[in-house]
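So the chains spell out like this:
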Amino acid sequence: MAYATINPYTAETLKTFPEATDTEVHKALDDAHAAFIQWRDVSFAERAKVMASAASILRRDIDKYARLATLEMGKLFSEAKLEVELSADIFDYYAQNAETLLKPEDLPVAKSTEGKAKLVHQPQGIVFAVEPWNFPFYQVARIIAPQLSAGNTVLLKHAGNVPQCAAISEELMLEAGLPKGAFQNLYAARHHTAVILEDPRVCGVALTGSEAAGSVVAGVAGKALKKATLELGGADAFVVLEDADVEKSAKWAAFGRHWNAGQVCVSSKRLIVVDAIYDRFLEVYKAEVAKLKAGDPMDPATTLAPLSSQKAADDLAKQVEEAKAEGAQVEVIGAPVPEKGAFFQPLLMTGLHGENKARHWEFFGPVTQLYRVKDEAEAIRVANDSPFGLGGSVFTKDEARGFKVAEQIDTGMVYVNHPTMVKADLPFGGVNRSGFGRELIGLGIKEFVNHKLIDVVDIDAPF
């Protein structure tokens, strides 16, 4: 089955779901459009009540939602609870700020120009959301909270291994008071992507996923003349300069690489360390990774979760072997992981010289790429030697220096003295092969609205 709950820790198939039929997809489109006709005229205040209610429900039932995320994709229960809380924060953010963010804007006009020009931001219709499994609630919240707050409606095609998270997301919004049809989960088949995007009532697609998926979906959207926003892969650089606090930097690196079992587009995947502190940094980093304990993700003592599926673990192992064939050296680090479940042993990868193609790959799991560089200039060069451009970090005791280095790293986000973060009130998105467009704050809510100019001009004004 394309949609199934398979516990990554036990390998048990717990529940399967049939793909939607063509008839069900067309009905969902009809219902979403009918809901849009009503929802677009609902006041910001009324929409805000729904968003605030969704946030309240998530916090009230945080354990229920978190358990489902742990069950379906294997993340630590503690991390799942943080994800649910972050999702609630996003709903609250738009409940409080959507009206201000989309407030009509008076445009300054030249003295020689007649009229009163105003820019208004209006919803356009149905947004198609294609979301991944690694953050099954946060990924959904960061698209539906702004788009529903703007007055659009949303159809969701979630990842095949988190079908229950997808279903409960729709239930959440109905309980919060959203009109039926305004947000729907669809177990859509692959061919339904074109069916949905070719429908004139759909205004665009927001996708978070792989480069391959992004390329296909963006191609379909382009052919249909529909807007797309893409958040794709990442290989975030974690730059440690010679004046950094080595111990704290190494601890942050271990966290940044291994949270969510390393299955994060903004994981600290490439550690780039200046020669003067390299040896000490590596010593502390290995010690921190050795503290990780793999096991039952529901157990509070567990600090390293299984991967999302056995296939994910097998694919990552194959990718590591391919990197070794390209000349990479791989060292096992950390404590042994259980044989039962989709666990992956943490690895340290070096030898990623300029001819090694693996330096440009994203390893979606606990595989650390490590680079030794002579100075700041080389660190920046290596950081930018990537097809991706999502996030990154710079560690230094000199904040002004860190800011200047961050300006030279070609990504959508750079943090100084912290791994790349996700917060409700900060924008998210990248450049290059990490995609285009932004989610969250005012940038996200304006991606699928019509920025319409209305200019009121005296009838006797000259042309």
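The rules behind the values
Residues numbered from 1 in each chain as written. Predicted model: local features only at pLDDT ≥ 70, side-chain atom pairs only at ≥ 80, totals over all residues. Heavy atoms only, no water. Salt bridge = Lys/Arg side-chain N within 4 Å of Asp/Glu carboxyl O. Helix = DSSP H or I, 4+ residues; strand = E, 2+ residues; numbered from the N terminus. Buried < 20%, exposed > 50% of the residue type's maximum accessible area, 1.4 Å probe, protein only. Polar contact = N/O pair within 3.5 Å; in protein donor to acceptor, adjacent residues only side chain to side chain. Expected span 1.5 Å × (residues − 1). Bend = angle between axes of the 7 residues up to and from the residue. Contact = heavy atoms within 4.5 Å. Core = buried A, V, L, I, M, F, W, Y, C linked by side-chain atoms within 4.5 Å.

Moving on: the pattern of salt bridges. It is possible for side chains of opposite charge to pair when their charged atoms get near one another. One pass over the structure, following the stated rule, counts 32 salt bridges. The shortest N-O distance in the salt bridge between Asp-279 and Arg-372 comes to 3.4 Å. Residue Asp-279 is found in helix α10 (residues 275-290), and its partner Arg-372 is found in strand β14 (residues 367-373); the two are separated by 93 residues along the sequence. For the salt bridge of Asp-385 with Arg-359, the shortest nitrogen-to-oxygen distance reads 2.7 Å. You can see Asp-385 sitting in the loop between α12 (376-383) and β15 (392-395) and its partner Arg-359 sitting in the loop between β13 (347-350) and β14, a full 26 residues away along the chain. By relative accessible area, Asp-385 is classed as partly exposed at 24%. When salt bridges that share partners are traced, they join Arg-59, Glu-85, Asp-89 and Asp-92 into one network.

Mapped onto the fold, Asn-7 is located in the loop between β1 (3-6) and β2 (13-17). Separated by 2.8 Å, the side chain of Asn-7 and the backbone nitrogen of Tyr-9 make a polar contact.

Next up on the list: α10. An ideal rise of 1.5 Å per residue puts 22 Å on 16 residues; α10 measures up with 23 Å between its terminal C-alpha atoms. Bending of α10 peaks at approximately 30° at the position of Phe-281. Packing partners of the buried residues in α10 comprise β10 (237-240), α9 (246-258), β11 (270-274), β13 and β14.

Here the focus is the nonpolar core. Ranked by internal contacts, the top residues of the largest apolar core, which has 68 residues, are Ile-90, Phe-91, Ile-144, Leu-148, Met-173, Phe-183 and Phe-428. The element contributing the most residues to this core is helix α4 (residues 77-101), with ten residues. In this structure, Ile-90 is in contact with Tyr-138, Ala-141, Arg-142, Ala-145, Ala-424 and Leu-440, ignoring residues within four places of it in sequence. Counting residues in hydrophobic clusters, the runner-up holds 30 residues, among them Met-349, Ala-379, Val-394 and Ile-409.

Glancing now at the side chain of Ser-149. Structurally, Ser-149 is set in helix α5 (residues 138-150). The exposure class assigned to Ser-149 is buried, which follows from its relative accessible area of 2%. A polar contact of 2.6 Å, which involves the side chain of Ser-149, links it to the backbone oxygen of Ala-145. Every residue in contact with Ser-149, bar those within four places of it in the chain, is listed here: Phe-44, Arg-47, Met-51, Tyr-94, Ala-98, Ile-144 and Ile-445.

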